[in-house]
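Tertiary structure, described
Here's the letter readout for the chains.
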Amino acid sequence: MTSSPASQGPAPGLPPVHYDFDTPVDRHGTWCTQWDYVQDRFGVPDLLPFTVSDMDFEAAPEILSALRDRLDHGVLGYSRWRQDDFLSAIVHWYASRHATDVDPGSVVYGPSVVYQISQLLRLWSGPGDGVVAHTPMYDAFPRTVAAHGRRLRPCPTHDWAEFERLLALPDTAVLLLCSPHNPTGRVWSVDEMDRMAGLCARYGVAVISDEIHSDLAHAPHVHRPWVRHGGDGRWAVLTSASKSFNIPALTGSYGIIGDPASRDAYLRQLKDADGLSSPAVLSLVGHIAAYRAGAPWLDALRAYLAGNLAMVADRLRAEFPQLAWEPSQAGYLAWIDLRPLGVDDDVLQRELVQTERVAIMPGAAYGAPGRVRLNVGCPRSKAEAGVEALVRALRRLAAAERGAASAANRRPVTPPG
């Protein structure tokens, strides 16, 4: 497949395109996980959702144009991912966005990042082996590790002593890294990445780095791909344009695997055991268009998301300064630590669902009670509605707590005997 005009980028000298992120798009009735199936997780239909990590924005017009061009061809037969249009687009993206050289021969395809994690866990570990991952934790990680009979070894993000202790255990085989981190939105610094790489090399631990949020780092934070830290060891970077360009329904991901023997073993499993050598052709088209022509849209999106996160921070500072909440360093998931307010998670969820009619992910889903994860990848009007619902619910709980404490103080003390 040759590159379509849409994948070549805007002509030099043209004025910047205006992208509309404010106008809501009605997603009801489109088999949408976040909107149509909110009852599956929260038990109640028709909630305003701030849950699944996709965005409520249309995909970049450059991507939609390329998809339409491909559909106009009319034939949707078997295709190949190992071709220059796809591979060169990835190489171009890493060079232009991440100042990182990628060998096109090191790139592999996968139907999803989690599928690729599964394959590499099988390749680089055995049943009962330990897999280290930072907490709080993306909820797919524990399920995937357990499904393969490996033992998850959680480590708090700031506890370097515990991190080294877990890596040093003789049966620890893999570090499952999330970079940038989901759900906290943390961007690992260069020093932190160097330190992790050094420890993994010292203890012979393979690294699987899920970098699906890598294109959504907010200034001044800069994502650094593991490609620049892995050296000659066993490592893989797994990612996709699906999060940053909001095209997860196209499916499709890719990986960069440093070790040739591991790469060959992965591809044998993909093709021979799982029969997945023919990719979703529209995913290829979407990735090529995103990486060749989507940078202006992505820059506009990141600015808009940063505005949403700043709005959340301003609102929370005004209402609950004791939270000292700062915007996430990457992405569109506001990870809010409510423990200083002393709220009960179950009571808060009842208030949000039954009274406010909103769905906001509880921190317990990621192994971290006392927090919530609020998806603000949406028009600002919706993000504001979500924050206001959270503020009202927290106000009521605080008022109820004060009322209970006041009543307890007024209760007469019965004298003895």
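The structure presented is a predicted model; accordingly, all values stated were derived computationally and were not measured.

Let's talk about the overall build of the protein chain
Summing up its helical and strand segments, the protein chain has 13 helices and 11 strands in all. Look at the contacts in the protein chain between residues 6 or more apart in sequence, and 76% of them connect residues 24 or more apart. When the accessible area of the protein chain is evaluated, it comes to approximately 18600 Å², of which 54% is carbon and sulfur surface. One finds the centroid of the 40 positive side-chain charges in the protein chain at a distance of 4 Å from the centroid of its 46 negative side-chain charges.

Some thoughts on the packing of aromatic side chains
Going through the model one piece at a time under the given rule, you end up with 13 aromatic pairs. Arranged with centres 5.3 Å apart and planes meeting at 70°, the rings of Tyr138 and Phe141 form a pair that is edge-to-face. When its relative accessible area of 22% is taken as the criterion, Tyr138 is described as partly exposed. A centroid spacing of 5.8 Å and a plane angle of 80° characterise the contact between Trp335 and Tyr366, whose relative ring orientation is edge-to-face. Remark: Tyr366 occurs in the loop between strand S10 (358–362) and strand S11 (371–375) and Trp335 occurs in strand S9 (residues 333–337); sequence separation between them is 31 residues.

Comments concerning the sheet that holds strand S7 (residues 235–239)
In spatial order, the strands read S2-S8-S7-S6-S5-S3-S4; together these 7 strands make up an open sheet with mixed pairing. Across the chains shown, the open sheet's two edge strands, defined by having one partner strand only, are strand S2 (107–110) and strand S4 (151–156). For this sheet, the mean inter-axis angle between neighbouring strands, taken without regard to orientation, is 25°. Summarising the sheet, strand S5 (residues 172–178) and strand S6 (residues 206–210) pair through 5 bridges and their orientation is parallel. Among the inter-strand pairings, Leu177 is bridged to a residue of S6, identified as Ser209.

Side note on unusual backbone geometry
Cis peptide bonds are those with omega within 30 degrees of zero, and the linkage from Ser179 to Pro180 qualifies with -5°. Secondary-structure assignment places Pro180 in the loop between S5 and helix H8 (190–203). Here Ala99, not a glycine, exhibits a phi torsion of approximately 50°, which is positive. In this fold, Ala99 is placed in the loop between helix H4 (84–98) and S2. Judged by relative accessible area, which is 60%, Ala99 ranks as exposed. In the Ramachandran plot, Ala324 falls in the positive-phi region, its phi being about 50° despite a non-glycine side chain. Tracing the chain through its elements places Ala324 in the loop between helix H11 (295–319) and S9.

A word on the packing of helix H7 (residues 160–168) against H8
One can describe the packing of H7 onto H8 by two numbers: an axis separation of 9 Å at closest approach and a directional angle of 25°. The pairing of H7 with H8 is recorded here as roughly parallel in orientation. Where H7 crosses over H8, the two elements pack in a sense that is right-handed. Where H7 approaches H8, its residues Trp160, Phe163, Glu164, Leu167 and Ala168 are matched on the opposing element by Glu192, Arg195, Met196, Leu199, Cys200, Arg202 and Tyr203.

Details of empty space enclosed by the protein
Going through the model one piece at a time under the given rule, you end up with 5 cavities of 30 Å³ or more. When its volume is computed, the largest cavity comes out at roughly 70 Å³. Pro180, His181, Asn182, Pro183, Thr184, Gly185, His213, Ala330, Gly331, Tyr332 and Leu333 are the residues that line the largest cavity. A breakdown of the residues in the lining of the largest cavity according to their chemical character gives 5 nonpolar, 6 polar and no charged. Computed from the structure, the second largest cavity encloses a volume of approximately 40 Å³. Contributing to the lining of the second largest cavity are Leu338, Val343, Asp345, Leu348, Gln349, Pro362, Gly370, Arg371 and Val372. Broken down by element, the residue count for the lining of the second largest cavity peaks at 3 residues, all from helix H12 (residues 345–356). When grouped by side-chain class, the residues that make up the lining of the second largest cavity number 5 nonpolar, 2 polar and 2 charged.

A look at the sheet that holds strand S1 (residues 48–50)
As summarised here, the arrangement of the 4 strands in space is S1-S10-S11-S9, forming an open sheet in which the pairing is mixed. Looking at strand neighbours, the two that pair on one side only are S1 and S9, the edges of this open sheet. For this sheet, the mean inter-axis angle between neighbouring strands, taken without regard to orientation, is 30°. With 2 bridges connecting them, S10 and S11 associate as antiparallel partners. Bridge pairing in S11 places Pro362 opposite Val372. Contacts from H12 reach S10 and S11, with the element oriented near 165° to S10.

Re the pairing of S4
Bridging between strand S3 (residues 130–135) and S4 involves 6 bridges; their strand directions are parallel. By the bridge assignment for S4, Ala133 is matched with Pro154. At this point the chain moves from S3, through helix H6 (residues 140–147), to the parallel S4, and the crossover so formed is right-handed.

Criteria and cut-off values
Residue numbers restart at each chain and count upward from 1, following the sequence in its written direction. It should be noted that, the model being predicted, local features are given only for residues of pLDDT at least 70 and side-chain atom pairs only at 80 or more, the latter also being counted only at that level, while totals for whole chains, interfaces and linings use all residues. Only heavy atoms go into the side-chain values, all of them from the structure, while hydrogens and water stay out. A helix here means a DSSP run of H or I that spans at least four residues, while a strand means a run of E at least two residues long, and both kinds are numbered starting from the N terminus. Any two residues having at least one pair of non-hydrogen atoms within 4.5 Å are treated as being in contact. Here the Shrake-Rupley method, with its probe set to 1.4 Å, supplies the accessible areas, and only the displayed protein chains count as covering residues. In this charge count, Lys and Arg are treated as positive and Asp and Glu as negative; neither His nor the chain ends contribute. Throughout, a charge is located at the NZ atom of Lys, the CZ atom of Arg, the CG atom of Asp or the CD atom of Glu. Pairs were defined over the aromatic rings of Phe, Tyr and Trp, the Trp ring being its six-membered one, requiring ring centres within 6.5 Å. Orientation was assigned from the angle between planes: stacked under 30 degrees, edge-to-face over 60, tilted for the rest. Only protein chains enter the accessibility calculation, which uses a 1.4 Å probe; a residue whose area is less than 20% of its type maximum is buried, one above 50% is exposed, and one in between is partly exposed. Criterion used throughout: strands pair if DSSP finds at least two bridges between them. The angle between two axes is taken between their N-to-C directions and runs from 0 to 180 degrees, where each axis is a line fitted to C-alpha atoms and a helix contributes only its stretch in contact. For classification, angles of less than 35 degrees are called roughly parallel, those exceeding 145 degrees roughly antiparallel, those between 65 and 115 degrees roughly perpendicular, and all remaining angles oblique. By convention, the crossing between two helices is left-handed when the near helix turns anticlockwise from the far helix through less than a right angle, and right-handed when the turn is clockwise. Using a 1 Å grid laid over the protein atoms alone, points where a 1.4 Å probe fits but cannot get out form a cavity; open sets with protein on both sides within 12 Å along at least 5 of 7 lines form a pocket; any residue with an atom within 4 Å of a point counts as lining. Grid points are joined across faces, edges and corners, and a volume is the space filled by probe spheres set on the points. Under the scheme applied, nonpolar residues are Ala, Val, Leu, Ile, Met, Phe, Trp, Tyr, Cys and Pro; charged residues are Asp, Glu, Lys and Arg; polar residues are all the others, including Gly. Crossovers are described as right-handed under a simple rule: with the strands pointing away from the observer, the path leading from the first strand over the helix to the second runs clockwise.

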